[in-house]
Amino acid sequence: AKKVGISQSNVYLYFKNKDDLLMSVYQRELAKIIATGDLTRISDATIPITERLRLYMKSIYDFALKNPESLTLIEQIKFLMGQSETNPLADQLNNNVVVSLLEEAMAANVIRSIPVNLVMAMVFAVVRADAMNPQSAGFDDFYHLIWNGIRATD
């Protein structure tokens, strides 16, 4: 409240507590990501699953290059919310199109059967690191790094 020049009581007109404020920021940042690129197409079952996985990674990558601070903010909020006794992000995660895509890919044995949040964390961490790097390797190198880490092996 001090940083934006309003009284603390004004914050409570819009948010009932800190978790509510964090959830609002989290949802705003996720909405930005979902609205960009081809992320809206990842639930289209007519597109092969490997292509939808690539679309997911490419959308996150393109978004990160334009908005590196958003990924940092999302990661920080996930960390903060994960520390609380009740994690309101759990419902958000369960209703997520990316989670559905990853679960579908695991069921089809296209990617390793590991916790979905680990796959998402890997994508976010590598994308964020690359977006913050002035000597970015480029999407193809990023994609192959992640793909080789998550694809199912024979």
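Predicted model only: the values in this text are computed from it and were never measured.

**Re the nonpolar core**
Judged by nonpolar contacts, the single largest core of 43 residues is most densely connected at Ile33, Leu53, Tyr56, Met57 and Ile111. Listed by contribution, the elements that provide at least two residues to this core are helix H2 (18–35), helix H3 (49–66), helix H4 (68–82), helix H6 (97–107), helix H7 (116–131) and helix H8 (139–150). With nine residues, the top contributor of residues to this core is H3. Those residues within four positions of Met57 in sequence are excluded, and the remaining contacts are Val123, Phe139, Phe142, Tyr143, Ile146, Trp147 and Ile150.

**Notes on unusual backbone geometry**
Phi is positive for Asn109, close to 60°, though the residue is something other than glycine. Tracing the chain through its elements places Asn109 in the loop between H6 and H7.

**Observations concerning H6**
All of the buried residues along H6 are Val98, Val99, Leu101, Leu102, Ala105 and Met106. The buried residues of H6 occupy an angular sector of 160° when the element is viewed end-on, so they sit on one face. Looking one or two places after H6, you find Asn109, whose phi comes out positive at around 60°.

**Description of the packing of aromatic side chains**
Remark: the centre distance and the inter-plane angle together describe each pair of aromatic rings, the angle taken between the planes. Tallied over the full model, the rule gives five aromatic pairs. Arranged with centres 5.9 Å apart and planes meeting at 50°, the rings of Phe139 and Phe142 form a pair that is tilted. Placement of the pair is Phe139 and Phe142 together in helix H8, with a separation of three residues, close to one helical turn. Here the two residues Phe139 and Phe142 agree in accessibility, since each one is buried. The ring of Tyr143 has Arg54 lying over it, and the distance from NZ or CZ to the ring centre is 4.4 Å. The residue whose ring lies beneath Lys58 is Phe139, and the NZ or CZ to ring-centre distance is 5.2 Å.

**A word on H7**
Taking 1.5 Å per residue as the helical rise, H7 with its 16 residues ought to reach 22 Å, and the 22 Å between its terminal C-alpha atoms agrees with that figure. Of the residues making up H7, those classed as buried are Val116, Val119, Met120, Val123, Phe124, Val127, Asp130 and Ala131. Summarising the axial view, the buried residues of H7 lie within an arc of 140°, below the 170-degree limit, and thus occupy one face.

**Some thoughts on the packing of H3 against H4**
The contact between H3 and H4 brings their axes to 5 Å, and the two run at 110°. Taken together, the axes of H3 and H4 are roughly perpendicular relative to one another. When H3 is examined against H4, the residues Phe63, Ala64, Leu65 and Lys66 are found in contact with a partner set consisting of Pro68, Ser70 and Leu71. Partitioned by chemical class, the residues of the contact of H3 with H4 number five nonpolar, one polar and one charged.

**Observations regarding the environment of Met120**
Assignment of secondary structure puts Met120 in helix H7. Its relative accessible area of 6% is what places Met120 among the buried residues. It is 8.4 Å that separates the C-alpha atoms of Met120 and Val99, two residues lying 21 residues apart in sequence.

Rules and cut-offs
- Residues numbered from 1 in each chain as written.
- Predicted model: local features only at pLDDT ≥ 70, side-chain atom pairs only at ≥ 80, totals over all residues.
- Heavy atoms only, no water.
- Core = buried A, V, L, I, M, F, W, Y, C linked by side-chain atoms within 4.5 Å.
- Buried < 20%, exposed > 50% of the residue type's maximum accessible area, 1.4 Å probe, protein only.
- Helix = DSSP H or I, 4+ residues; strand = E, 2+ residues; numbered from the N terminus.
- Contact = heavy atoms within 4.5 Å.
- Arc of directions from axis to C-beta.
- Phe/Tyr/Trp six-rings, centres within 6.5 Å; stacked < 30°, edge-to-face > 60°.
- Lys NZ or Arg CZ within 6 Å of the ring centre and 35° of its normal.
- Expected span 1.5 Å × (residues − 1).
- Axes fitted to C-alpha atoms, helices over the stretch in contact; angles between N-to-C directions.
- Parallel < 35°, antiparallel > 145°, perpendicular 65-115°, else oblique.
- Nonpolar A, V, L, I, M, F, W, Y, C, P; charged D, E, K, R; others polar.

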